[in-house]
Amino acid sequence: TQFILLGLSDEGVLQSLLFWLFLSMYLVTFTGNLLIILAILTDSRLHTPMYFFLSNLSFSDICFTSTTIPKMLLNIQTQSKVITYEGCLSQMYFFMLFGVFDNFLLAVMAYDRFVAICHPLHYMVIMNPKFCGILLLGSWLLSVLNCLLHDLMILQLSFCTELEILHFFCDLRQVIQLACSDTFLNDLAMYLTSGLLGVVPLIGIFSSYSRIVTSILRISSVKGKYKAFSTCGSHLSVVSLFYGTGLGVYLSSAASQNSRASAIASVMYTVVTPMLNPFIYGLRNRDIKQALRKLFSR
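An account of the accompanying structure is given in this report. Note that the coordinates shown come from a computational prediction; the quantities given were computed from them, not determined experimentally.

1. Some words on the side chain of Asp61
Now for step 1: By the element assignment, Asp61 lies in helix α2 (residues 49–66).
Now for step 2: With relative accessibility at 1%, the residue Asp61 sits in the buried group.
Now for step 3: In this structure Asp61 touches Thr29, Asn33, Asp102, Pro274 and Asn277, once residues within four positions along its chain are discounted.

2. Digging into the pattern of salt bridges
Now for step 1: Taken as a whole, this structure holds 3 salt bridges when the rule is applied.
Now for step 2: Ionic pairing is found between Asp43 and Lys294, a salt bridge with its closest N-O pair at 3.7 Å. With Asp43 in the loop between α1 (12–42) and α2 and Lys294 in helix α11 (residues 286–297), the pair connects residues that are 251 residues apart, well separated along the chain.
Now for step 3: On the basis of relative accessible area, Asp43 is assigned to the buried category, the value being 1%.
Now for step 4: Residue Lys294 is classed as partly exposed on the basis of its relative accessible area of 35%.
Now for step 5: Linking Asp112 and Arg113 is a salt bridge whose minimum nitrogen-to-oxygen distance equals 2.9 Å.

3. Structural notes on the packing of aromatic side chains
Now for step 1: One pass over the full model with this rule turns up 17 aromatic pairs.
Now for step 2: Here Phe19 and Trp20 contribute two aromatic rings whose centre-to-centre distance is 5.2 Å and whose plane-to-plane angle is 85 degrees, an arrangement assigned as edge-to-face.
Now for step 3: Between Phe101 and Trp140, the aromatic rings sit 3.9 Å apart at their centres with planes inclined by 15 degrees, giving stacked as the arrangement. Of this pair, Phe101 sits in helix α4 (residues 85–118) while Trp140 sits in helix α6 (residues 129–154), and the two are 39 residues apart along the sequence.
Now for step 4: With a relative accessible area of 22%, Trp140 lands in the partly exposed category.
Now for step 5: Pairwise contacts between aromatic rings join Phe22, Phe64, Phe95, Phe168 and Phe169 into one cluster.

Cut-offs used in this document
- Here, residues in each chain are numbered from 1, in the same order as that chain's written sequence.
- The model is predicted, so local features are restricted to residues of pLDDT at least 70 and side-chain atom pairs to those at 80 or more, both for listing and for counting; the totals for chains, interfaces and linings are taken over all residues.
- In computing side-chain values, all of the structure's heavy atoms are included and hydrogens and water are not.
- Helix and strand assignments follow DSSP, with helices taken as H or I runs no shorter than four residues and strands as E runs no shorter than two, numbered in order from the N terminus.
- Under the scheme applied here, a residue whose accessible area is under 20% of the maximum for its type counts as buried, over 50% as exposed, and between as partly exposed, the area being computed with a 1.4 Å probe on protein chains only.
- Contact criterion: two residues are considered in contact whenever any of their non-hydrogen atoms come within 4.5 Å of each other.
- The salt bridge definition used is simple: a Lys or Arg side-chain nitrogen within 4 Å of an Asp or Glu carboxyl oxygen.
- Whether two aromatic rings pair depends on their centres lying within 6.5 Å, for rings of Phe, Tyr and Trp, where Trp uses its six-membered ring; planes under 30 degrees apart make the pair stacked, over 60 edge-to-face, and the rest tilted.

Okay, structure coming up:
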């Protein structure tokens, strides 16, 4: 009926430090991404495909962190490490949902930049509202189906007495490892979907940027090259941060048998990356900065 989330540390002093650290990061993440959304909604100049996808990325980042951090903070505050079976399934579902959706959204944003730079005269024709809606809906549907598959397969597993999860949230891999029934199909589904949903969008991003770089190199003036590249600089930074931290966590967990070390490493992509995204777009993007000034002046 329940699992035990062991968290990042058992030490009382460190628990208090972790509470205030994660609370601060959560508030910064929530506030920063909310400001990005409000700035885009209130400024008519930002009602373009690029900022439409950016607002969805900010919304997804808010939801992504909200699936794990509030429960962790509550457990530290109440000195309880318990999460119900239903709560664990729900947390896994929404954590995977928004994580996979972020993955697809970054690929869609790369395609948007490809069209804007390589086909500027046809940009508004290709990236029309209907097509943008289809891209967004497709990303949501694929994310939902992936998460449903894993949750339904978890329901088929039996769990015995070993119910301690060495993490601060219900991690799919660790939950599968706790099962005392055969997990071959679960492992197979996890590796197949992780490979497909991780590699295919990444190939799309590489393909888009290879064509973008080729187009930029054809521009004769240095100013033109800088202007073209600056439109995708923020997105490249977010992509590097997202995939870089994800790959770092995967390699650290593969190299180390210590699950708690892997949990600490996962903080980078579960907390730090969503927190930095608003700063990357806010500080590097002139339109966003102007929209934020207008928002605060109101």
